Amino acid sequence: MTARFVHRISRASVLVCLAVALSAGAATAFAAETANAARTIVVSGDGEASAKPDQARLSAGVVSQAQTAAAALAANTTAMNRVFAALKAAGIADSKIQTSNFSVQPQYSSFVSRPDNPEAQRIVGYQVSNQVGVIVDDLGKLGSTLDALVKSGANQVGGASFTIANPKPLAEKARAQAVADAMAKAKTLAQAAGVNLGPLMSIQEGGISRPVPVFAMARAVSAPVPVAEGEETVTVNVTMTYAIQ
């Protein structure tokens, strides 16, 4: 066996040993990383904050009927002008009023066609509907606004839904409570398991929920309509992952 051949064998052996060592090192590092990843505590936290609404949204409109479309439209226009005047008198700005629906539809007779009497159904009139969405920023005026709308001739008044104009401060408060709740849970779990809580590895917000509050509204028009706005609650959920030392 020549010296050159022996040298080639020795060099190949070194390369093989080096590759085996690198593979073993990579496997060890992967195993350590996997073990570290498994040594975690995952917790969720909930937070909520409540406050009285400061804004209400309602719908109001007029439905008019007449034998001709022009007559129904004229009657509806006159009535809606009274509705707009009532809203203005109640202190509602033009920017807080927006048309949400407008339609002109024919009205048909109740005659039912039969095989022995194939006469077509006849148009007996027209119906015009005009509805607007209204935002009331002063809840103290909501009852009187609803009352004024009915008295002005609005024959379609929708229920008021209460909201908070700027919910961000409330959401921030709920978010802080959710994080504090998750941290407390992580500390309790670590203490109960007899391990040391490591650094925070990740945090994720699960979402924000703002349920609509329940309220009551009377329909009498002899006095300002009483309303109960209740409270609106913002809830936040977070998921946090801690390492175990």
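Just above sits the structure.
Residues numbered from 1 in each chain as written. Predicted model: local features only at pLDDT ≥ 70, side-chain atom pairs only at ≥ 80, totals over all residues. Heavy atoms only, no water.

Colleague: Account for the overall build of the protein chain, with residues named and values stated.
Modeller: In terms of regular secondary structure, the protein chain is built from four helices and eight strands. In sequence order, the protein chain lays out its α and β elements as α-β-β-α-β-β-α-β-β-α-β-β. The proportion of buried residues among the 245 residues of the protein chain is 28%. Across the protein chain, contacts joining residues at least 24 apart in sequence account for 83% of those joining residues at least 6 apart. When the accessible area of the protein chain is evaluated, it comes to approximately 15,000 Å², of which 58% is carbon and sulfur surface. (Helix = DSSP H or I, 4+ residues; strand = E, 2+ residues; numbered from the N terminus. Buried < 20%, exposed > 50% of the residue type's maximum accessible area, 1.4 Å probe, protein only. Contact = heavy atoms within 4.5 Å. Areas by Shrake-Rupley, 256 points an atom, 1.4 Å probe, with all protein chains shown as cover.)

Colleague: Residue-level account of helix α4 (residues 168-193), with values.
Modeller: Given a rise of 1.5 Å per residue, 26 residues ought to cover 38 Å, and the 37 Å separating the end C-alpha atoms of α4 matches this to within 8%. Those residues of α4 that fall on the buried side of the exposure criterion are Leu170, Ala171, Ala174, Ala178, Ala182, Ala186 and Ala190. The inward-facing, buried residues of α4 contact β1 (40-51), β7 (197-209) and β8 (232-244). Just past α4, the residue Gly194 takes up positive phi, approximately 70°. (Expected span 1.5 Å × (residues − 1).)

Colleague: Which residues make up the pattern of salt bridges, and what are the values?
Modeller: The tally for this structure, following the rule as stated, stands at five salt bridges. The residue Asp137 makes a salt bridge to Lys96 at a minimum N-O spacing of 3.3 Å. With a gap of 41 residues between them, Asp137 in the loop between β4 (123-136) and α3 (142-152) and Lys96 in the loop between α2 (69-89) and β3 (97-108) connect regions that are remote in the sequence. Its relative accessible area of 42% is what places Asp137 among the partly exposed residues. For Lys96, a relative accessible area of 27% corresponds to the partly exposed category. A salt bridge links Asp181 to Lys185, with the nearest nitrogen and oxygen atoms 3.6 Å apart. With Asp181 and Lys185 both in helix α4 and four residues apart, this pair spans about one turn of that helix. Salt bridges linked by common partners bring Glu172, Arg175 and Glu205 together as one network. (Salt bridge = Lys/Arg side-chain N within 4 Å of Asp/Glu carboxyl O.)

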